[in-house]
Amino acid sequence: MKKLLIYAASLMISLGTTSCFKDFDDMQVNPNYPSEVNPGNLFANATFSRIGGIYGVQAEDFNMTASGLWAQHFAKIQYIDEDWYEYRSGAIDGYWKYMLSGSSTNGSASMYDLELALHSVRNTKEELLASDPAYDVADLEAMEGAILVMRSYFFSVMTDVWGDIPYSEAFKTVALGYEKTITQPKYDAQKDIYDDLFVQLEKANELLAGGGNVESQADMIYGGDAKKWQKFANSLAARLYIHISKVDQGKAQEGLTKIFSNAGKYPVFTSVEDDAMLTYSGSQPYEHPFFENYVRDARDDHSSSKTMIDMLKARKDTRMYIYATPTPASITVFDSTGNAADIQYVGQENGVPKSEDFKLAERSRIGVLYRVTPNGVSHVMSYSELEFIKAEAAAVLGIGAAGDPQTAYNNGIRASFERQYLLADNYGIKTASFGEQNGSISFAESKVIEEDGYEVEIAYSNVDEHYNRTIAQPNVAWDAGNAAQLIAEQKFISLFTNGPEVFTEVRRTNFPQLTFVRGGTQYKGLGLPFRFPYAISEQTANAANWSEAATGITNTMYGKTVWWNTAEFDNYRVIE
């Protein structure tokens, strides 16, 4: 992966002047945006840039101060406006423009670059077949399939956080063969976008089944393995079908049955080895987004959330030691006593009122695996998530092809433990670790003693013991009568750091119970936002289409839920 990211570096330099638009106006053939660019270059750069954008490299606020924050994976301990849902409109504008247009200032690529790559691959394939109908185009088809998967993933993230967005007209430009460039694209209904994403992922599955290989140097996820891309295509389709299961149960049942009843035609993830992840090289500027924010930008604005820490403690879930650090205050106590029982983990309540003081030293930070590991990973989709989808399909939707729901549920938990423990082992993460803002690990203890006297050591050799202890807890053990809640809670835990997906799942399932945000002024008392606010620039650059899409939305984020979300979130605990 380090080699691939070095490859991406050269692409970002070479493409640095080709990725900045202003609200679609510059998407035309011109000397600064060549229409003929190597599709592998575009695919690599767009994959890296846009996963980074979603996860945090460009516009880190998308996850850490929006989706992942609002879903309460994280909390803010400084500059906490966004934890009151009081977003910065310029940041929202940035998310929108980065996704669609990229940036010429840092070489960041966009979804438009993927569109150019797709156009180039298809043109090449057509030309080769026109010259020789027997020409072997399997590799080109595999490349086309992989591009379609990433394109579908990025569009799914956009529509899940915003609802109706430009889709069918988003990238109609002269460079892509259209007579003219559409600079004010219509906003497609989310239902229509989902319908087409299913079509595109079906095409991708067929293209990736042809025996070809994806260009290995251009593939930032699987290094050229088309079979893994095919599994990703169908697993992503399953994710999208489960998303719509409350608004169109029949379509969801049909789609999930099709996938799960024919593993030969529709292979899906079957182990953690199939996980879709981006691994960073660890050298600037190709470092993990959370590391970049904490170390390079010297920002200590985030902690682990009270919601997450309390859930993990209540379930005797040792993933807590990977997800969070000990509090600095408890480290100081341990340094004097040497007693492992003095090491404490405390999450911050999301959105506390400005008048309430708390001590930064008494709050756990995000775990060093993610916060202080420059060559860490961004999770796109996992085998664990796929198993939870199967569990819900079987237990809630009655889909027999999904198998036994309890087995799938337990597999999902086990896979999450396995993934996190493998990463901890691979990166040498100790059970209780704390990292400084210069990137050094200042505290690392192999063992922690919990309140009941249980001794914890995070090591892959202990994964089964720790997993078995957790699934034996009454609030984790399988209960068919409480299946929807159990599945949603465990999926929430397993999705740690995958902000856009956890924001989707919290809104869709109404679980887990979130802490009601008590602070703030502008949105005080309104609860979890229904969506991201639209980019403010759209009100002038694309006013008529924006106005139609925004009809029914109140206070920029409330009033009208996104299509697949049938009810507003109302499952809160209030901390007095």
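Thresholds applied
Residues numbered from 1 in each chain as written. Predicted model: local features only at pLDDT ≥ 70, side-chain atom pairs only at ≥ 80, totals over all residues. Heavy atoms only, no water. Helix = DSSP H or I, 4+ residues; strand = E, 2+ residues; numbered from the N terminus. Buried < 20%, exposed > 50% of the residue type's maximum accessible area, 1.4 Å probe, protein only. Core = buried A, V, L, I, M, F, W, Y, C linked by side-chain atoms within 4.5 Å. Contact = heavy atoms within 4.5 Å. Phe/Tyr/Trp six-rings, centres within 6.5 Å; stacked < 30°, edge-to-face > 60°. Lys NZ or Arg CZ within 6 Å of the ring centre and 35° of its normal.

Asks: How would you summarise the environment of glutamine 539 if you had to cite specific residues and measurements?
Replies: Structurally, glutamine 539 is set in helix 20 (residues 538–541). Judged by its relative accessible area of 38%, glutamine 539 falls in the partly exposed class. Along the chain, glutamine 539 and tyrosine 187 lie 352 residues apart, while their C-alpha atoms are 13 Å from each other.

Asks: Can you break down the nonpolar core residue by residue, with the values?
Replies: Grouped together as the largest cluster of nonpolar side chains are 175 residues, with contacts concentrated most on Phe43, Trp162, Trp229, Phe232 and Leu256. Ranked by residues supplied to this core, first place goes to helix 6 (residues 138–162) with 14 residues. Look past the residues within four positions of tryptophan 162 in its chain and what remains in contact with it is Phe62, Ile92, Tyr95, Trp96, Arg531, Phe532, Pro533, Tyr534 and Val562.

Asks: Before we move on, could you go through unusual backbone geometry and cite the residues and values that matter?
Replies: The amide bond that connects glutamine 284 to the next residue, proline 285, takes the cis arrangement and shows omega of 0 degrees. Following the sequence through the fold, proline 285 ends up in the loop between strand 4 (276–279) and helix 10 (289–296). Omega for the peptide link from phenylalanine 511 to proline 512 comes to 0 degrees, which places this bond in the cis form. Note on placement: proline 512 falls in the loop between helix 19 (499–509) and strand 11 (514–515). One non-glycine residue, glutamine 72, adopts positive backbone phi at about 70 degrees. One can find glutamine 72 in the loop between helix 3 (61–70) and strand 1 (74–76). What makes glutamine 72 buried here is its relative accessible area of 1%. Of note, the phi angle at asparagine 555 is positive, near 50 degrees, even though the residue is not glycine. You can see asparagine 555 is positioned in the loop between helix 21 (543–550) and strand 12 (572–573). For asparagine 555, a relative accessible area of 44% translates into the label partly exposed.

Asks: Report on the packing of aromatic side chains, specifying residues and quantitative values.
Replies: Applying the stated criterion across every chain, the model contains 43 aromatic pairs. Taking the centre distance of 6.1 Å and the plane angle of 50 degrees together, the rings of phenylalanine 155 and phenylalanine 171 count as tilted. Remark: phenylalanine 171 occurs in the loop between strand 2 (165–166) and strand 3 (187–188) and phenylalanine 155 occurs in helix 6; sequence separation between them is 16 residues. Per residue, the accessibility class of phenylalanine 155 equals that of phenylalanine 171, and both read buried. Ring-pair connections join several aromatic residues into one group, and the members of that group are Phe62, Trp70, Tyr85, Tyr95, Trp96, Trp162, Tyr187, Phe503, Phe532 and Tyr534. Its end group placed over the ring of tyrosine 454, arginine 469 keeps NZ or CZ at 3.8 Å from the ring centre. The cationic tip of arginine 507 hangs over the ring face of phenylalanine 503; the distance from NZ or CZ to the ring centre is 3.9 Å.

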